[in-house]
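# Residue-level structural notes
Chain by chain, the residues:
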Amino acid sequence: MNLQRHSTKLSRSNVRRGREHKSWAFKFYVLIYLLMIASVFFGAVNYRIDLNRKINDLRRASSRAKVEIYELERDIQALKLDKERLCSADNINRCIAAYNLPLRQAVPGQVRYFTVRNTYAPQHTAESQNARRNYSMNSRGL
């Protein structure tokens with residue numbers, strides 16, 4: 001009876017089946033790993049494409065805004081020129097002549113006089129100087 005030979009055959013076939021099983025699991029693991037790497041790569045490429053699209057949209061919007069700003073500045077300049085033209089003495093005299101509006105003296109009730117006093121002028125009295133000195137010392141916490 002050769003017990004050793006029989007048990008050796010069984011062990012070799014079990015080892016062979018284990019290797020086949022491991023090789024199939026290893027292939028599956030490699031496939032999953034490659035799919036994950038590919039998905040990360042394609043995700044990065046897609047993200048880059050999306051960023052480029054957003055950058056191009058922003059460039060288009062900024063160029064439209066620059067054109068609009070340029071047009072508005074030209075309109076503002078044209079309106080300033082119109083204002084200067086309409087406020088000129090020649091234009092006012094022409095309108096007075098066109099509508100026959102002679103200049104006349106103002107009625108005394110229409111004239112108002114007012115004087116502006118400079119309240120910010122320094123006062124050179126001793127009381128004001130003491131008050132300023134006390135204020136500055138109090139504001140410093142002395």
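It should be noted that the structure appears before, not after, this text.
Just so we're clear, the structure is a prediction, and the values are computed from it rather than from any experiment. (Residues numbered from 1 in each chain as written. Predicted model: local features only at pLDDT ≥ 70, side-chain atom pairs only at ≥ 80, totals over all residues. Heavy atoms only, no water.)

### A short note on the overall build of the chain
- Scanning the chain for helices and strands turns up three helices and zero strands.
- Each helix and strand of the chain, ordered N terminal to C terminal, gives the series α-α-α.
- Burial statistics for the chain: of 142 residues in total, 1% are counted as buried. (Helix = DSSP H or I, 4+ residues; strand = E, 2+ residues; numbered from the N terminus. Buried < 20%, exposed > 50% of the residue type's maximum accessible area, 1.4 Å probe, protein only.)

### Examining the packing of aromatic side chains
- Overall, the coordinates contain three aromatic pairs when judged by the stated rule.
- The interplanar angle of 10° and the centroid separation of 6.2 Å between the aromatic rings of tryptophan 24 and phenylalanine 28 together place this pair among those described as stacked. On the criterion of helical spacing, the pair formed by tryptophan 24 and phenylalanine 28 is a turn pair, its members being four residues apart in helix H1 (residues 3-87).
- Note on phenylalanine 41 and phenylalanine 42: the rings are 5.6 Å apart at their centroids and 65° apart in plane angle, and the pair reads as edge-to-face.
- Phenylalanine 42 sits in the exposed class, given a relative accessible area of 55%. (Phe/Tyr/Trp six-rings, centres within 6.5 Å; stacked < 30°, edge-to-face > 60°.)

### Quick notes on the pattern of salt bridges
- In the structure shown here, the tally under the stated rule is four salt bridges.
- Ionic pairing is found between arginine 53 and aspartate 50, a salt bridge with its closest N-O pair at 2.8 Å. Here arginine 53 pairs with aspartate 50, and both are found in helix H1, just three residues apart, close to one helical turn.
- Judged by its relative accessible area of 43%, arginine 53 is partly exposed.
- Within the structure, one salt-bridge network assembled from shared partners comprises Asp50, Arg53, Lys54, Asp57 and Arg60. (Salt bridge = Lys/Arg side-chain N within 4 Å of Asp/Glu carboxyl O.)

By themselves these figures say nothing about function.
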